[in-house]
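What follows is each chain in one-letter form.
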Amino acid sequence: MFFGGTNIDTIRYPNSLVHMSVATAFPTPVRKFSNNPVVAFYQSSIGKKIVVAVTGLCLMLFVLGHLLGNLQIYLGEEQLNSYSQHLQDLGPLLWIVRIALLAIVVIHIISTIQLAIQNRIANPQKYAVAGYQRSTRASRTMVITGLIVLCFIIFHLLHYTFQVTHPEFRDLHDAQGRHDVYHMMITGFKEPLISFFYALGLFLLASHISHGFQSMTQTFGINNRKVSELIFNGGRAFSWFVFIGYVSIPMTILLGIVK
Ligand code: HEM
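About the cut-offs
- Residues numbered from 1 in each chain as written.
- Predicted model: local features only at pLDDT ≥ 70, side-chain atom pairs only at ≥ 80, totals over all residues.
- Helix = DSSP H or I, 4+ residues; strand = E, 2+ residues; numbered from the N terminus.
- Buried ≥ 20, exposed ≤ 12 C-beta atoms within 10 Å, placed from the backbone.
- Contact = placed C-beta atoms within 7 Å.
- Near = placed C-beta within 6 Å.
- Axes fitted to C-alpha atoms, helices over the stretch in contact; angles between N-to-C directions.
- Parallel < 35°, antiparallel > 145°, perpendicular 65-115°, else oblique.
- Left-handed = near helix turned anticlockwise from the far one by under 90°.
- Nonpolar A, V, L, I, M, F, W, Y, C, P; charged D, E, K, R; others polar.
- Expected span 1.5 Å × (residues − 1).
- Core = buried A, V, L, I, M, F, W, Y, C linked by C-beta atoms within 7 Å.
- Bend = angle between axes of the 7 residues up to and from the residue.

Caption draft 1: Up close: the overall build of the chain. The number of helices and strands found in the chain is nine helices and two strands. Going residue by residue from the N terminus, the α and β elements of the chain occur as β-β-α-α-α-α-α-α-α-α-α. When the 259 residues of the chain are sorted by exposure, 15% land in the buried category. The contacts of the chain with a sequence gap of at least 6 include a subset with a gap of at least 24, amounting to 68%.

Shown next, in the form of structure tokens:
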């Protein structure tokens, strides 16, 4: 900064510190970027943020699709079991979708963790600025809720997809010889402990999605107040829809409304 013709940053310091500024007092490690544009994009913070946002968006679409599939429980046993059978009949296509979904989850987690590490290295002077402190807390909450949601999903897969926790689910078949997903859900959610565990996992998932929507608006550089408010409210409405939609299933079963 120049003041009265003199560079104010260079006065009063001994020679060795003449060029010292706030930036050099907390030196940021110099990162080397690859010559490959795709790798270089991923190496940058914004590149990773975009990868996190896009994979997050794909996972939200899955969450919505899976919810709409599961809500068919309210249309009765025939509807839910035939929907589930249709999915199974997709054969190799179903496996392609499953592998793609798994890859998306892995990329989402790895890029989030790498981003958190990169931010920590780039900002060693912790909490110097109030806004930075706030955003650090928000991203830490995202990492924690994300990891708990991951544990919930692993349990969910062991419960209903691989039926490891309840091998007796494998023997459930309806009159047409299809896997009886309807009665698997009824039997599964009749256990209060399991239903409340799902409710907790789903609440954290909804909170993760709600925060994810806010981060996405920042990542995509949406500064317009009206648009970002719309996305923020849309994100909250979507998260509540996801929470209420999913949690209604174990709760209505537990209350004996669906049987
Ligand atoms: C009350 C909530 C939920 C219910 C009742 C439910 C129900 C089910 C059922 C019955 C299956 C096995 C389908 C079959 O064998 O035909 C399944 C699979 C699965 N669920 Fe859920 N789900 C719930 C929540 C979630 C959530 C919140 C997620 C992810 C965020 C999720 C992710 C998955 C995945 C990845 C599979 C494996 C799909 C596959 O193998 O093709 N589920 N779910």
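Caption draft 2: The arrangement of the site of the ligand in detail. The full set close to the ligand counts 18 residues, and Ser84, Tyr160, Thr161, Tyr246 and Ile249 are the nearest of them. When residues of the shell around the ligand are traced back to their parent elements, those giving at least two are helix H3 (45-70), helix H6 (130-161), helix H7 (181-189), helix H8 (192-219) and helix H9 (225-254). In terms of residue count, the dominant contributor to the shell around the ligand is H6 (five residues).

Caption draft 3: Main features of the packing of H3 against H8. Put simply, H3 and H8 touch, their axes get as near as 10 Å, and they point 140° apart. Taken together, H3 and H8 sit at an angle that is classed as oblique. Pair H3 / H8 crosses with left-handed handedness. Contacts between H3 and H8 involve Lys49, Ile50, Ala53, Gly56 and Met60 from the first element and Ile209, Gly212, Met216 and Thr219 from the second. Taken together, the residues that form the contact of H3 with H8 break down as five nonpolar, three polar and one charged.

Caption draft 4: Inspection of the packing of H8 against H9 at higher detail. At a minimum axis separation of 9 Å, H8 and H9 run at an interaxial angle of 170°. Classified by the angle between their axes, H8 and H9 sit roughly antiparallel to one another.

Caption draft 5: Geometry of H3. With 26 residues, H3 ought to run about 38 Å at 1.5 Å a step, and its terminal C-alpha atoms sit 37 Å apart, in line with that. Those residues of H3 that fall on the buried side of the exposure criterion are Lys48, Val51, Val52, Ala53, Thr55 and Gly56.

Caption draft 6: Fine view of the nonpolar core. Leu202, Leu205, Ala206, Ile209, Val242, Phe243 and Tyr246 are the most contacted members of the largest nonpolar core, which has 22 residues in total. When residues of this core are traced back to their parent elements, those giving at least two are H3, H7, H8 and H9. The biggest single contributor to this core is H8, with seven residues. Beyond its immediate stretch of four places on either side in the chain, valine 242 contacts Val63, Leu67, Ala206 and Ile209.

Caption draft 7: Looking closely at H9. The terminal C-alpha atoms of H9 lie 43 Å apart, and with 30 residues this matches the ideal 44 Å at 1.5 Å per residue to within 8%. At serine 248, H9 shows its strongest bend, of approximately 35°, with the proline proline 250 following within four residues. All of the buried residues along H9 are Gly235, Ser239, Val242, Phe243, Tyr246, Ile249, Pro250 and Ile253. In the stretch just after H9, glycine 256 is the one whose phi turns positive, near 80°.

Caption draft 8: Layout of the environment of phenylalanine 197. Note on placement: phenylalanine 197 falls in helix H8. What makes phenylalanine 197 partly exposed here is the crowd of 16 C-beta atoms within 10 Å. It is 8.4 Å that separates the C-alpha atoms of phenylalanine 197 and phenylalanine 152, two residues lying 45 residues apart in sequence.

These results come straight from atomic positions and should not be treated as a statement about function.
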